Amino acid sequence: QVQLVESGGGLVQAGASLRLSCAASGFTFTMYTMGWFRQAPGKEREFVAVVSRGGGGTYYADSVKGRFTLSRDNVEKTGSLHMDSLKPEDTAVYYCAATRLAVVSARRESEYDYWGQGIQVTVSS
């Protein structure tokens with residue numbers, strides 16, 4: 001059974017840091033590019049970041065570039081999204097996802113095969 005399980009969300013103040021984790025199981029983790037998306041209240045889900053199969057390549061949305069860092073551990077089958085300098089506009093439900101596409105240009109929801117259930121991140125001003 002394929003599973004992606006996010007953890008680490010919560011309520012923080014603006015300027016704080018938070019790390020989200022995504023634990024994968026039920027598929028060959030090293031064969032999948034990993035991405036993160038988020039959905040704010042009343043808005044469509046949007047791309048946040050993606051990391052290549054080997055972890056050496058990453059790409060970030062302009063809104064988080066320089067503040068968020070995405071990494072993965074292929075031994076532990078986990079992905080980590082480290083978020084610094086959080087802003088109220090970062091408030092959203094965050095989702096990790098996996099795609100067989102072997103490119104860090106995978107930024108559309110339709111390109112992803114598996115999804116986590118999502119986890120809430122709330123940044124207060």
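For the structure, check the block above.
None of these values were measured; they are calculated from a predicted model.

Chemist: Mind showing me how you'd approach the overall build of the protein chain here?
Modeler: Helix and strand content of the protein chain: zero helices and 11 strands. For the protein chain, the α and β elements follow one another from N to C terminus as β-β-β-β-β-β-β-β-β-β-β. Here the protein chain has a C-alpha radius of gyration of 13 Å; the compact-globule value for 125 residues is 14 Å, and the two agree. Taking the principal axes of its C-alpha atoms as reference, the protein chain extends roughly 40 × 25 × 25 Å. The 125 residues of the protein chain split such that 42% are buried. The contacts of the protein chain with a sequence gap of at least 6 include a subset with a gap of at least 24, amounting to 59%. About 6200 Å² of surface is accessible on the protein chain, with carbon and sulfur atoms providing 47% of the total.

Chemist: How do you make sense of the state of the cysteines when you look at a structure like this?
Modeler: Note on terminology: a disulfide is the covalent bond linking the sulfur atoms of two cysteines. Evaluated as defined, the whole model comprises one disulfide. With its sulfur 2.1 Å from that of its partner, Cys-22 forms a disulfide with Cys-96. Across the disulfide from Cys-22 to Cys-96, rotation about the S-S bond amounts to roughly 55 degrees, and the bridge is consequently right-handed. One end of the pair, Cys-22, is in strand β3 (residues 18-25); the other, Cys-96, is in strand β9 (residues 92-99), and 74 residues separate them in sequence. By relative accessible area, which is 1% here, Cys-22 ends up buried. Cys-96 sits in the buried class, given a relative accessible area of 1%.

Chemist: What is the right way to look at the pattern of salt bridges in this model?
Modeler: Pairs can form between side chains of opposite charge once their charged atoms are near each other. Under the criterion given, the structure shown has six salt bridges. One salt bridge connects Asp-90 with Arg-38, and the closest N-O pair in it is separated by 2.9 Å. Note that Asp-90 is positioned in the loop between β8 (78-83) and β9 and Arg-38 in strand β4 (residues 33-39), a separation of 52 residues in sequence. Exposure class is identical for Asp-90 and Arg-38. Each is buried. For the salt bridge of Arg-108 with Glu-111, the shortest nitrogen-to-oxygen distance reads 3.1 Å. By relative accessible area, Glu-111 is classed as buried at 17%. Where salt bridges share partners, they join Arg-38, Glu-46, Arg-67 and Asp-90 into one cluster.

Chemist: Looking at this model, I keep getting lost on the sheet that holds strand β7 (residues 68-73). Mind explaining?
Modeler: If you walk across this open sheet you meet the four strands as β1-β3-β8-β7, and the pairing is antiparallel. Across the chains shown, the open sheet's two edge strands, defined by having one partner strand only, are β1 (3-7) and β7. Geometrically, the sheet is characterised by an average inter-axis angle of 15 degrees between neighbouring strands, direction not taken into account. Looking at chain direction, β3 and β8 are connected through six bridges and run antiparallel. Among the inter-strand pairings, Ala-23 is bridged to a residue of β8, identified as Thr-78.

Chemist: Would you mind showing me how to read the nonpolar core here?
Modeler: Counting 36 residues, the largest nonpolar core has Trp-36, Phe-68, Leu-81, Met-83 and Tyr-94 as the members making the most contacts within it. Elements represented by at least two residues in this core include exactly β3, β4, β5 (46-51), β7, β8, β9 and β11 (119-124). Once residues lying within four places of it in the same chain are set aside, the contact partners of Leu-81 are Leu-18, Arg-19, Leu-20, Trp-36, Val-48, Ala-49, Phe-68, Thr-69, Leu-70 and Tyr-94.

Reading guide: rules and limits
Residues numbered from 1 in each chain as written. Predicted model: local features only at pLDDT ≥ 70, side-chain atom pairs only at ≥ 80, totals over all residues. Heavy atoms only, no water. Helix = DSSP H or I, 4+ residues; strand = E, 2+ residues; numbered from the N terminus. Rg over C-alpha atoms; globule rule 2.2 N^0.38 Å. Buried < 20%, exposed > 50% of the residue type's maximum accessible area, 1.4 Å probe, protein only. Contact = heavy atoms within 4.5 Å. Areas by Shrake-Rupley, 256 points an atom, 1.4 Å probe, with all protein chains shown as cover. Disulfide = S-S within 2.5 Å. Salt bridge = Lys/Arg side-chain N within 4 Å of Asp/Glu carboxyl O. Pairing = 2+ DSSP bridges. Axes fitted to C-alpha atoms, helices over the stretch in contact; angles between N-to-C directions. Core = buried A, V, L, I, M, F, W, Y, C linked by side-chain atoms within 4.5 Å.

Any functional reading would require information that these geometric values do not contain.
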